[in-house]
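In case you want the letters, here they are:
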Amino acid sequence: MNNSDHPIRKFNPGSFQSDEEVIEQFAVRRRELNMVLEGLRGNIDSSLCEHVLVVAPRGRGKTMLLARVAAELNTDEELSECFLPVRFMEESQEIFNIADFWLDTLFYLARECVKYDPGLTRELRKTHADLTDRWREEALADRVFDTVLDAADRLGKKLVLMVENLQALCEDVDDDFGQQLRDALVSEPRIMLLATATSRFEGLDDAKQPFFELFRIIDLEPLGTEECRRLWQVVSGDVVSGREIRPLEILTSGNPRLLVIVAGFAQHRSLRQLMEELVAMIDDHTEYFRGHLEVLGRVERRVYLALIDLWQPSSTGEIAARARMEVRPVSTMLGRLVSRGVIKFEGSGRKRLYSVAEPLYSIYYKLRRERAAATVVRNLIHFMVAFYGIGKLYQMFGQPRLESAIVREGIERALAGQPRSEDSFLRVAWSAVRYISDKAMANAQFAAELRLKEEIQTALKEQEFERIVEIGNHFMDSGGVDASLMPESLVAYILHMRAIAYEKLEDFEGVIGVGNEMVERFDDASDQTVLARMARVLIHGARARQERGEFGLAVSTYDEMIARFGNSEVADLQFPIALALFEKGNMQIQRGEFGLAVSTYDEMIARFGNSDAPEVQVIVALALSQKGDMQVQRGEFGLAVSAYDEMIARFGNSDAPEVQVLVAWVLSQKGMMQIKIGRAEEALRMCAELEERLGALADDEKVVFVWRARYVHALALLLKNRQRMAMDVFRSAYAVFVPNNEMMMSEMLQLVPELIANGASEHELVDILLSEGKSDALAPLIVALRQCTGEVVRAPVEVLEVARDINKRIEVGSVK
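### Quick look at the overall build of the chain
- The helix and strand tally for the chain stands at 42 helices and seven strands.
- Buried positions account for 56% of the 816 residues belonging to the chain.
- Within the chain, contacts between residues separated by at least 24 positions form 70% of all contacts whose residues are at least 6 apart in sequence.
- Of the roughly 35900 Å² of accessible surface on the chain, 47% is carried by carbon and sulfur atoms.

Here is the structure:
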């Protein structure tokens, strides 16, 4: 995440901010801004001003909109000649009558006109102090009002009074305040009121009330997907697609303040990491969510808690039963909560159903109340990640890649491993220290050094990464040891282990710092062991940049590593060079540089394709596989077949478990590709070949490819118009479906619409999905299928929103 130097305010936007900052950060609500500015321009020559009321629940961007209008009035040449914005505090807690209102106007007017006329500011402040002391005078309101108008005349500008939370202000004032304010506004062209309210309060629609038809009302609706995407980009600096931001739109209900809070938590996290850590984010902001509840009255809060605990659209009777209250007072409280904008409803009469306006509050309460709710929330988030395709693998290929523990652990083991070429001086020095001198062994410093590697390796094995950092820091901070006994390779080893530990702890800044230190210390080193360590640490640094979303810097780090070591024939450098080229190719795909990625993969394959080193063979196999996947995604099926066939020809007979997993992946991918181009028989042959290889795989890897073989088999049968057989195969595939496997989840969400598009029964699909005890993880999909049958389904608002998007996908598939 790359936040700007001036982060967007969650509260009080515009306060102590320049007009330029406000304009720069105003990412959404442009339509509403234009509506207000249109009204202002119409008021320039009007004998009576049009007054505006902006209505929206808290957090929807009312204050930001007013700040943006004020910035425009200050910076636009035409408007600044005609208007002066006078911004009140967000809560006008000292206003109890019309005199108080005009005194506050005078106070803020004095503050606003200091840049135009400092002398007038001093005069107004003195007048304000004098009039404040005369609070007993009956004519005080008129005197203050006249002073305000006189100041407007001297400035030669109309005053735009920006008053927040008008509904709250009106609750605490004298009975005649509203009429007195209306009389002033409708008779005085030098004053315009631009106010906000959290709801359309009762007096706006009652012809007997003073505010009836006084305002042009502008409602701030929840942000749509595109507005959420633009706001996220301004707040975080990250460019995301509408598809990726959609889950956060659902969870925040398009509330700008909540989206800014979430973006703040997401600093130095990818959007995918954010989704996975959302429960922690909610826990981190307990005080904010609790404060939302505490502003409600006791009885209101009781009804609201009942509704958020039900966690689905609910009737008045259901809410009353949960709140253990009579229906009539609950109905009254629901009306108040609707007016506050914290809940919403659909339907009318007895069919009216209420739900929470912002789902994160329901999630917060459920997490506090029930431990089991955390599992429900995580299931929903996991489903969203797969359905909306969040993360770099979706950006690269449109679907997640194989998450193979064997392949991943093999690469990490090689990256952390000891270089083969141990420095001879290191061995001699340690032997000398260990065996030759009793005097040396008595020295506590030397004894500690002897134990250093053993301690680090033990901590690494036990995954005690904080301990590794602690050991390394203690050694480095102590100034090391006598250079005549301690070779550079030990220092390089400690830095390497610290980089690994920081990466495991997700302290990516720490990883980058270690990389910088490694280069600074050993820029001119010639020791092969040191260079092998440096190469690996630079890879960790590039990955840290990537995790921080700094893709350009990540590619630059890979380039630096390749430039340093790319021409070396040293055995210990072959694996890190191959890995750097492979990862650089992946980064180029993410950046849309497909031609460059192919060239990078080809360079790596040409150089290392004949390597005998097992860890290098895995990287070559990965590159061929990834190259084919990218070409499938781009519709280059002939090139993809060539890449897949080359990979199978090179590695099909390998005994290495990591390579066998990749061969199985390529076979399954080749089957998928045959489906895309309508070759059902070829796809079925791929399934058969894949099934023959399953015996060579470990059980946890095997289940993935059993699923994939049956998945491709079902799609092939659909191509052959054998729907009944396809449903039977789908049932067998579901038997091995693992809900927390993201690849399986993603493919399930592609398969079900395909089945429906080819005539499968939604009723039968629901029956199958409910049959294996896995339905909790598939709740949005099951809700969507039930809705397809015409059933009215009640579920959490978030689930209903995701189900709506699933049904859109199903409809598109049906049209095709």
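### Some words on the sheet that holds strand β1 (residues 51–55)
- The five strands lie next to each other as β2-β3-β4-β1-β5, forming an open sheet whose pairing is parallel. The open sheet has two free edges, formed respectively by β2 (83–87) and β5 (215–219), since each of these has just one partner strand. Averaged over all neighbouring strand pairs, the angle between strand axes comes to 20°, with direction disregarded.
- As defined by bridge partners, β2 adjoins strand β3 (residues 158–163) across five bridges and the pair is classed as parallel. Note on β3: the bridge partner recorded for R87 is M162.
- Against the sheet, helix α2 (residues 30–43) contacts β1, β2, β3, β4 (191–197) and β5, and its axis sits at roughly 165° relative to β5.

### Side note on the packing of aromatic side chains
- In this structure the tally under the stated criterion is 15 aromatic pairs.
- Both rings, one in W707 and one in F737, keep their centres 5.4 Å apart while their planes meet at 50°; by these two values the pair is tilted. Of this pair, W707 sits in helix α37 (residues 699–719) while F737 is found in the loop between α38 (723–736) and α39 (742–757), placing the two residues 30 residues apart along the sequence.
- Since its relative accessible area comes to 0%, W707 is described here as buried.
- For F737, a relative accessible area of 2% gives the class buried.
- Each residue in the set F88, F101, W102, F107, Y108, F145 and F177 is aromatic and connected to the rest through ring pairs, giving one cluster.
- Lying across the ring of Y734, K774 places its NZ or CZ 5.0 Å from the centre.

### Some words on unusual backbone geometry
- For R29, which is not a glycine, the phi torsion comes out positive at approximately 65°.
- Looking at the secondary structure, you find R29 in the loop between α1 (19–25) and α2.

### A few points about the pairing of strand β7 (residues 353–356)
- Here β7 shows a buried face lined by L353 and S355 and a second buried face lined by Y354 and V356.
- Pairing geometry for strand β6 (residues 343–346) and β7, over four bridges, is antiparallel. Residue pairing for β7: F345 is matched across the bridge by Y354.
- In textbook terms, the turn of a hairpin is the stretch between consecutive antiparallel strands, and for β6 and β7 this stretch comprises six residues, one of which, G347, has a positive phi near 85°.

### Here we look at the pattern of salt bridges
- A complete count under the given rule lists 46 salt bridges for this structure.
- For R229, the salt bridge identified is with E226, shortest N-O distance 2.8 Å. Taken as a pair, R229 and E226 lie in helix α10 (residues 225–236) at a separation of three residues, close to a single helical turn.
- Residue classification places R229 among the buried positions, given a relative accessible area of 17%.
- Taking the shortest distance from any N to any O, the salt bridge between R650 and E646 comes out at 3.0 Å. Of this pair, R650 and E646 are both found in helix α34 (residues 637–651), four residues apart, which corresponds to roughly one turn of the helix.
- E646 gets classed as partly exposed once you look at its relative accessible area, which sits at 31%.
- One network of salt bridges, in which partners are shared, links R246, E249, E801, R804, D805 and K808.

### Describing empty space enclosed by the protein
- In the structure shown here, the tally under the stated rule is four cavities of 30 Å³ or more.
- In this structure, the second largest cavity spans a volume of roughly 80 Å³.
- Considering the residues around the second largest cavity, the lining is formed by L307, W311, Q312, P313, S355, V356, P359, S362, P796, V797 and E798.
- A per-class count over the lining of the second largest cavity returns seven nonpolar, three polar and one charged.

### Looking at the environment of L694
- By secondary structure assignment, the location of L694 is in the loop between α36 (680–693) and α37.
- L694 sits in the buried class, given a relative accessible area of 11%.
- Remark: the alpha-carbon pair of L694 and F705, spanning 11 residues in sequence, is separated by 7.4 Å.
- Discounting chain neighbours no more than four positions away, the residues touching L694 are K702, F705 and V706.

### Brief notes about the nonpolar core
- Of all hydrophobic cores here, the largest spans 210 residues; its most connected members are Y304, M748, L778 and L781.
- In terms of residue count, the dominant contributor to this core is α37 (12 residues).
- The residues contacting M748, other than those within four sequence positions of it, are W707, F730, Y734, F737, P753, L769, L778 and L781.
- Of all hydrophobic cores here, the second largest spans 47 residues; its members include A141, F145, L166 and F177.

### Notes on the environment of R650
- By relative accessible area, R650 is classed as partly exposed at 34%.
- What R650 contacts, discounting residues up to four positions off in sequence, is I605, G609, N610 and L624.
- Separated by 3.0 Å, the side chain of R650 and the backbone oxygen of G609 make a polar contact.

### Quick word on the packing of helix α5 (residues 98–112) against helix α6 (residues 118–132)
- Axis separation between α5 and α6 bottoms out at 8 Å; the angle between their running directions is 160°. When the axes of α5 and α6 are compared, the pair comes out roughly antiparallel. By crossing handedness, the relation of α5 to α6 is classed as left-handed. Residue-level inspection shows L103, L106, F107, L109, A110 and R111 of α5 in contact with α6, the latter providing T121, L124, R125, T127, H128, L131 and T132.
- Classifying every residue of the contact of α5 with α6 by side-chain character gives seven nonpolar, four polar and two charged.

Conventions adopted
- Residues numbered from 1 in each chain as written.
- Predicted model: local features only at pLDDT ≥ 70, side-chain atom pairs only at ≥ 80, totals over all residues.
- Heavy atoms only, no water.
- Helix = DSSP H or I, 4+ residues; strand = E, 2+ residues; numbered from the N terminus.
- Buried < 20%, exposed > 50% of the residue type's maximum accessible area, 1.4 Å probe, protein only.
- Contact = heavy atoms within 4.5 Å.
- Areas by Shrake-Rupley, 256 points an atom, 1.4 Å probe, with all protein chains shown as cover.
- Pairing = 2+ DSSP bridges.
- Axes fitted to C-alpha atoms, helices over the stretch in contact; angles between N-to-C directions.
- Phe/Tyr/Trp six-rings, centres within 6.5 Å; stacked < 30°, edge-to-face > 60°.
- Lys NZ or Arg CZ within 6 Å of the ring centre and 35° of its normal.
- Salt bridge = Lys/Arg side-chain N within 4 Å of Asp/Glu carboxyl O.
- 1 Å grid on protein atoms, 1.4 Å probe; cavity = no way out; pocket = protein on both sides within 12 Å on 5 of 7 lines; lining within 4 Å.
- Points joined across faces, edges and corners; volume = space filled by probe spheres on them.
- Nonpolar A, V, L, I, M, F, W, Y, C, P; charged D, E, K, R; others polar.
- Core = buried A, V, L, I, M, F, W, Y, C linked by side-chain atoms within 4.5 Å.
- Polar contact = N/O pair within 3.5 Å; in protein donor to acceptor, adjacent residues only side chain to side chain.
- Parallel < 35°, antiparallel > 145°, perpendicular 65-115°, else oblique.
- Left-handed = near helix turned anticlockwise from the far one by under 90°.

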